[in-house]
Amino acid sequence: EAGVAQSPRYKIIEKRQSVAFWCNPISGHATLYWYQQILGQGPKLLIQFQNNGVVDDSQLPKDRFSAERLKGVDSTLKIQPAKLEDSAVYLCASSLAGGKDTQYFGPGTRLTVL
Amino acid sequence: KQEVTQIPAALSVPEGENLVLNCSFTDSAIYNLQWFRQDPGKGLTSLLLIQSSQREQTSGRLNASLDKSSGRSTLYIAASQPGDSATYLCAVRLGATNKLIFGTGTLLAVQP
């Protein structure tokens with residue numbers, strides 16, 4: 001069974017530029033999560049989708065971050081414009097449903113903002 | 001607000017030693033607690049999951065305990081090996097939303 005796929009794996013941009021990350025969850029998984037992991041910290045949930053609806057986006061900086069999950073499968077996370085403090089690893093995870101289902105994580109995208 | 005703390009932040013041990021990693025959380029109203037392993041450039045791998053009604057879980061050389069009333073969990077690694085070198089994260093799950101709150105992690109280095 002294929003795992004959670006993410007691309008790109010690495011991205012370097014200058015501040016005020018925009019960037020987008022892509023995630024393809026495990027086939028059949030209804031719930032998709034985006035986490036931000038700053039160096040030296042644990043992952044922090046940015047947004048959670050159930051199919052193509054948002055369940056929790058309370059920690060998403062909505063003035064610059066946006067995410068969508070059209071058709072309830074793939075998802076993209078966008079940052080526009082990027083700030084230095086956005087440098088982090090962005091992890092995507094998926095689970096079969098919500099509730100107590102195990103979350104499976106992708107390899108992450110490492111973003112460096114110069 | 002739930003906060004999760006892990007001590008120590010980093011640990012270096014010689015191969016073969018037994019070791020304990022600590023995790024504490026401020027709100028005991030958790031659904032379950034999970035320990036993950038993170039290798040550089042890779043995603044998180046789930047190691048052990050303890051339901052709130054359980055006291056411990058074991059998998060091979062790993063044993064995780066949970067004391068919900070005191071807000072603590074420990075991950076015990078027996079006979080450590082260089083391949084155990086990684087960052088270990090604990091996370092608590094909050095109720096029905098499946099939201100995970102992660103600790104800051106412990107970076108483990110096992111010296112051959």
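To be clear, the structure that these remarks concern was listed above.
Residues numbered from 1 in each chain as written. Chains lettered and ligands numbered in written order. Predicted model: local features only at pLDDT ≥ 70, side-chain atom pairs only at ≥ 80, totals over all residues. Heavy atoms only, no water.

How do you make sense of the overall build of chain A when you look at a structure like this?
A count of helices and strands for chain A gives zero helices and eleven strands. The C-alpha radius of gyration computed for chain A amounts to 13 Å, which stays within 12% of the reference 13 Å derived for 114 residues, consistent with globular compactness. Principal axes of the C-alpha set define a box for chain A whose edges measure 35 × 25 × 25 Å. Sorting the 114 residues of chain A into buried and exposed places 45% on the buried side. Within chain A, contacts between residues at least 6 apart in sequence are counted, and of these 53% link residues at least 24 apart. Here chain A displays about 5,600 Å² of accessible surface, and carbon together with sulfur accounts for 51% of that area. If the 13 positive side-chain charges of chain A are averaged to one point and the 10 negative ones to another, these points end up 4 Å apart. (Helix = DSSP H or I, 4+ residues; strand = E, 2+ residues; numbered from the N terminus. Rg over C-alpha atoms; globule rule 2.2 N^0.38 Å. Buried < 20%, exposed > 50% of the residue type's maximum accessible area, 1.4 Å probe, protein only. Contact = heavy atoms within 4.5 Å. Areas by Shrake-Rupley, 256 points an atom, 1.4 Å probe, with all protein chains shown as cover. Lys, Arg positive; Asp, Glu negative; His and termini not counted. Charge placed at Lys NZ, Arg CZ, Asp CG, Glu CD.)

Quick question: what am I supposed to make of the interface of chain A and chain B here?
It is common to give the size of an interface as the accessible area lost on bringing the parts into contact. Of the residues lining the interface, 24 residues belong to chain A; the matching set on chain B comes to 18 residues. Across the chain A to chain B interface the summed buried area is about 1,500 Å²; carbon plus sulfur atoms make up 48%. Counting across the chain A and chain B interface gives one salt bridge. Where Asp56 of chain A meets Lys99 of chain B, a salt bridge forms, and the shortest distance between an N and an O atom there is 3.5 Å. Viewed at the interface, chain B and chain A are joined by two residue pairs in polar contact (both at pLDDT 80 or more). Contributions of two or more residues to the side of chain A that touches chain B are made by strand 4 (31-37), strand 5 (44-50) and strand 9 (88-95) of chain A. (Buried area = accessible area lost by both parts, 1.4 Å probe. Salt bridge = Lys/Arg side-chain N within 4 Å of Asp/Glu carboxyl O. Polar contact = N/O pair within 3.5 Å; in protein donor to acceptor, adjacent residues only side chain to side chain.)

Explanation requested: the layout of surface pockets in the structure shown.
In this approach the atoms are scanned with a rolling probe the size of a water molecule, which exposes any empty space left behind. Size it by volume and the largest pocket reaches roughly 610 Å³. Surrounding the largest pocket, 30 residues form its lining, Gln37, Leu39, Gly40 and Arg110 of chain A together with Gln38 of chain B being those nearest its centre. Taken together, the elements giving at least two residues each to the lining of the largest pocket come down to strand 9 and strand 11 (109-113) of chain A together with strand 9 (86-94) and strand 11 (106-111) of chain B. No other element matches the four residues that strand 11 of chain A contributes to the lining of the largest pocket. Among the residues forming the lining of the largest pocket, the class breakdown is twelve nonpolar, 14 polar and four charged. (1 Å grid on protein atoms, 1.4 Å probe; cavity = no way out; pocket = protein on both sides within 12 Å on 5 of 7 lines; lining within 4 Å. Points joined across faces, edges and corners; volume = space filled by probe spheres on them. Nonpolar A, V, L, I, M, F, W, Y, C, P; charged D, E, K, R; others polar.)

I would appreciate a short explanation of the pairing of strand 6 (residues 56-59) of chain B in the present structure.
Across a regular strand the side chains alternate sides, sitting on one face of the sheet and then on the other. All names here are of chain B. Bridge analysis of strand 6 against strand 7 (residues 62-67) gives four bridges, and the strand direction is antiparallel. In the sheet register, Gln57 faces strand 7, and the bridge partner there is Ala64. The antiparallel pairing of strand 6 with strand 7 creates a hairpin that spans two residues between the two strands, and Gly60 there sits at a positive phi of about 60°. (Pairing = 2+ DSSP bridges.)

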